[in-house]
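Summary of structural features
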Amino acid sequence: MAGRFITLEGGEGVGKSTQARLLAEALEARGIAVECTREPGGTPGAEAIRSLLLAPPADGWGPRAEALLFAAARADHLEKRILPALAQGKWVICDRFLDSTRAYQGGGGGLSDEELIALHRIGSQSILPDLTLLVEVPPEISAGRLAGRDGGVSDAIGGRDSAYHARVAAAFRRLAEAEPARFRGIDGTGAPAQTHALILAAIAPLLEPAA
């Protein structure tokens, strides 16, 4: 079976990391080789950039500098980890990818989608996932989960105000509505096992043999 590229997207505290792990385990149980990774990160260079983004200098980064750093991390990650894994026939499951940049630095930070798509063309050959799973929960649920997970201590991006994160959520929804062939909306409000079942149903067509 050919390799597939699946991304999980969504705001803070929606459960993406847990669902990426559960999906990887389910695919491996079917005998499918899986590469599970994350953004920003996934390679030594991209992880170094992650540190700069999530714990920035005292005066922080502006949206444009932030977008450039994400694009650089993604270019390294794609070249050195994602594409080689796909070439080996593995399924790549990535916690965040381009659409997070479009939602956070675009919807949240005010950069145009055209600018961010141009950066992706330059840095990452315009490559998109086969399927993007957008996990969504209401703000009050994600806030409760974050409080339990982080103890009130967030990174530089997760700690931004509620208005910023509302813009991010709205941007994710717009992206999903504009690209229904690639996106699948996943209700993340239930227990992890319930959300996992919805994800398995969403990826089922990718598991079917080619006609």
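Throughout this document, residue positions are counted from 1 along each chain, in the order its sequence is written. Per-residue local features of the predicted model are confined to residues with pLDDT of at least 70, and side-chain atom pairs are confined, for both listing and counting, to 80 or more; whole-chain, interface and lining totals are unaffected and use all residues. No hydrogens and no water enter the side-chain calculation; it runs on all heavy atoms of the structure.

1. Here's the deal with the overall build of the protein
- Counting from the N terminus, the helices are the DSSP runs of H or I reaching at least four residues and the strands are the DSSP runs of E reaching at least two. What the protein contains, in helices and strands, is eight helices and five strands.
- Along the protein, helices and strands appear, N-terminal first, in the series β-α-β-α-α-β-α-α-β-α-α-β-α.
- A compact globule built from 211 residues should have a C-alpha radius of gyration of about 17 Å, and the protein, at 16 Å, falls within 12% of that.
- Note on definitions: a residue-residue contact is assigned when non-hydrogen atoms from the two residues lie within 4.5 Å. A sequence separation of at least 24 residues applies to 80% of the contacts in the protein between residues at least 6 apart.
- Each accessible area is a Shrake-Rupley estimate made with a 1.4 Å probe; only the visible protein chains count as cover when residues are assessed. When the accessible surface of the protein is split by element, carbon and sulfur atoms take 58% of a total near 9900 Å².
- Of the side-chain charges in the protein, 22 are positive and 26 negative, and the distance between the mean point of each set is 2 Å. With the radius of gyration taken over C-alpha atoms, the globule rule is written as 2.2 Å times the number of residues to the power 0.38. None of His or the chain ends enter the tally, which takes Lys and Arg as positive and Asp and Glu as negative. Here the site of a charge means NZ on Lys, CZ on Arg, CG on Asp, or CD on Glu.

2. Points about the state of the cysteines
- Disulfides are defined in this document as cysteine sulfur pairs within 2.5 Å. Per the stated rule, a full pass over the model turns up zero disulfides.
- The thiol of Cys 36 is not disulfide-bonded; the next cysteine sulfur, from Cys 94, is found 8.4 Å away.
- Type-normalised accessible area, obtained with a 1.4 Å probe on protein chains alone, sets the label of each residue: buried when under 20%, exposed when over 50%, and partly exposed for intermediate values. Looking at Cys 36, the relative accessible area reads 35%, which means it is partly exposed.
- Judged by its relative accessible area of 0%, Cys 94 is buried.

3. Some thoughts on the sheet that holds strand S5 (residues 183-187)
- Judged by pairing direction, the sheet is parallel, and its five strands sit side by side in the order S2-S3-S1-S4-S5 without closing on themselves. For this open sheet the edge positions go to strand S2 (34-38) and S5, each flanked by a neighbour on one side alone. Within the sheet, the average angular offset between the axes of one strand and its neighbour, ignoring direction, is 20°.
- Taken together, the five bridges between S2 and strand S3 (residues 91-95) define a ladder with parallel strand orientation. Among the inter-strand pairings, Val 34 is bridged to a residue of S3, identified as Trp 91.
- The angle between two axes is taken between their N-to-C directions and runs from 0 to 180 degrees, where each axis is a line fitted to C-alpha atoms and a helix contributes only its stretch in contact. Packed onto the sheet, helix H1 (residues 16-29) meets strand S1 (5-9), S2, S3 and strand S4 (131-136) and runs at close to 170° relative to S3. Note on pairing: two strands pair once DSSP finds at least 2 bridges between them.

4. Things to note about the side chain of Asp 99
- By the secondary structure assignment, Asp 99 is in helix H4 (residues 98-108).
- Since its relative accessible area comes to 0%, Asp 99 is described here as buried.
- A distance of 3.1 Å separates the side chain of Asp 99 from the side chain of Arg 102, its partner in a polar contact.
- What qualifies as a polar contact is a pair of N or O atoms within 3.5 Å, subject to a donor-acceptor requirement within protein and to the restriction that residues adjacent in sequence count only when both atoms come from side chains. In this structure the side chain of Asp 99 is engaged in a polar contact, spanning 2.7 Å, whose partner is the side chain of Arg 182.
- Setting aside its immediate chain neighbours within four residues, Asp 99 contacts Glu 9, Thr 132, Phe 172, Leu 175, Arg 182 and Phe 183.

5. Details of the pattern of salt bridges
- Any Lys or Arg side-chain nitrogen found within 4 Å of a carboxyl oxygen on Asp or Glu counts as a salt bridge. Going through the model one piece at a time under the given rule, you end up with 17 salt bridges.
- Residues Glu 12 and Arg 96 are paired through a salt bridge, measuring 3.5 Å at the closest nitrogen-oxygen approach. Of the two residues, Glu 12 sits in the loop between S1 and H1 while Arg 96 sits in the loop between S3 and H4, which places them 84 residues apart along the sequence.
- Glu 12 gets classed as buried once you look at its relative accessible area, which sits at 17%.
- Taking the shortest distance from any N to any O, the salt bridge between Glu 39 and Arg 74 comes out at 2.7 Å. Of this pair, Glu 39 sits in the loop between S2 and helix H2 (44-54) while Arg 74 sits in helix H3 (residues 63-87); the two residues are 35 residues apart in sequence, bridging distant segments of the chain.

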